[in-house]
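Now for the letters of each chain:
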Amino acid sequence: FAFRHALTQQAIIAALLLRERQGLHRRLVETLEQLAISAATQREGYLEDLAFHTYEAGLWESAATYAQAAGEKAMRLYAQQAAIEHFTRALAAKRHIAAAPLAQLYRARGQAHETLGDFGHARDDYECALEAARAAHDGHEEWESMVALGFLWTGHDYAQAGVWLRRACALAETLADPLLRARSLNRLGNWLQNTGHMQEAIATHQDALRLFEAQADGPGMAQTLGELGMAHFF
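So, a few notes on the structure that sits alongside this text. Source: prediction; values computed, not measured.

The rules behind the values
- Residues numbered from 1 in each chain as written.
- Predicted model: local features only at pLDDT ≥ 70, side-chain atom pairs only at ≥ 80, totals over all residues.
- Heavy atoms only, no water.
- Helix = DSSP H or I, 4+ residues; strand = E, 2+ residues; numbered from the N terminus.
- Rg over C-alpha atoms; globule rule 2.2 N^0.38 Å.
- Buried < 20%, exposed > 50% of the residue type's maximum accessible area, 1.4 Å probe, protein only.
- Expected span 1.5 Å × (residues − 1).
- Contact = heavy atoms within 4.5 Å.
- Axes fitted to C-alpha atoms, helices over the stretch in contact; angles between N-to-C directions.
- Parallel < 35°, antiparallel > 145°, perpendicular 65-115°, else oblique.
- Left-handed = near helix turned anticlockwise from the far one by under 90°.

1. Some details on the overall build of the chain
Counting its secondary structure elements, the chain contains 12 helices and zero strands. Listed by position from the N terminus, the elements making up the chain come as α-α-α-α-α-α-α-α-α-α-α-α. Its C-alpha radius of gyration of 23 Å places the chain more than 25% over the 17 Å reference for a compact globule of 234 residues. Summarising its shape, the C-alpha atoms of the chain cover approximately 70 × 35 × 35 Å along the three principal directions. Within the chain, the proportion of its 234 residues that are buried is 41%.

2. Brief notes about helix α6 (residues 103-115)
For α6, spanning 13 residues, the distance from its first C-alpha to its last is 18 Å, which sits close to the expected 18 Å at 1.5 Å a residue. Restricting attention to buried positions, one finds in α6 the residues A103, L105, Y106, R107, A108, R109, G110, A112 and H113. On its buried side, α6 packs onto α4 (60-76), α5 (80-94), α7 (119-135) and α8 (139-153). Immediately downstream of α6, the backbone of G117 shows phi near 80°, a positive value.

3. Regarding the environment of M146
Position of M146 relative to the elements: it lies in helix α8. Accessibility expressed as a relative area gives 4% for M146, which makes it buried. When the C-alpha positions of M146 and V163 are compared, they lie 9.5 Å apart, and in sequence the two are 17 residues distant. Residues contacting M146, with those up to four places away along its chain left out, are L130, R134, W164, R167, A168 and L171.

4. Topic: the packing of α5 against α6
Their axes nearest at 9 Å, the elements α5 and α6 cross at an angle of 160°. The angle between α5 and α6 falls in the class roughly antiparallel. Both α5 and α6 take part in a crossing whose hand is left-handed. Counting all contacts with α5, which are made through Q80, A83, I84, F87, T88, A90, L91 and K94, the residues of α6 involved are L105, Y106, A108, R109, A112, H113 and T115.

Interpretation in functional terms is not warranted from these geometric data alone.
Laid out in structure tokens, this is it:
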């Protein structure tokens, strides 16, 4: 149906019972999913509509999946505000699902806020991601949240940034993940370099290099050698 004015459409929708509205949204979801299957290459074109209609239909699992995918698509298109709206809908949908992981979504929304220069909302989301990761006993997501907070603070308070990067480094060591520890050391080494602690920065990058070499991680070794070259140059 087409309407001359959006208010007419809103009035009709408002007059429907909740179960009637949800039933209509479910029919739309079924149709859109069939279209997406028949034209797999065009699936991304339906993501936003699927995210909206699954949410309005109360199909929480699907709504969370589609909204997160729509948010990630918006991030790729540098549409940060749209990404925030989609991630917010995904978070709302996941709150209807028992024990649903929330850390990654909070962190993704925080990244969108950070890109827009919204320090306050970015910090809040990263801290929520950290709390959610701890509640879920997800050490890797906890580490990612600490690193995100560290980078965020570099634009506002370098001392506070160092606190978070050191915490991330300490956590990586407890997780017994050598590659994660090496990545932590590189981030800390970069912070040390930018704060003028050159010898400590070089020693930290050298520790990271040894870890990457032990794991035969070529990309990690290459990145670390680049960091070492820059530290020696300065």
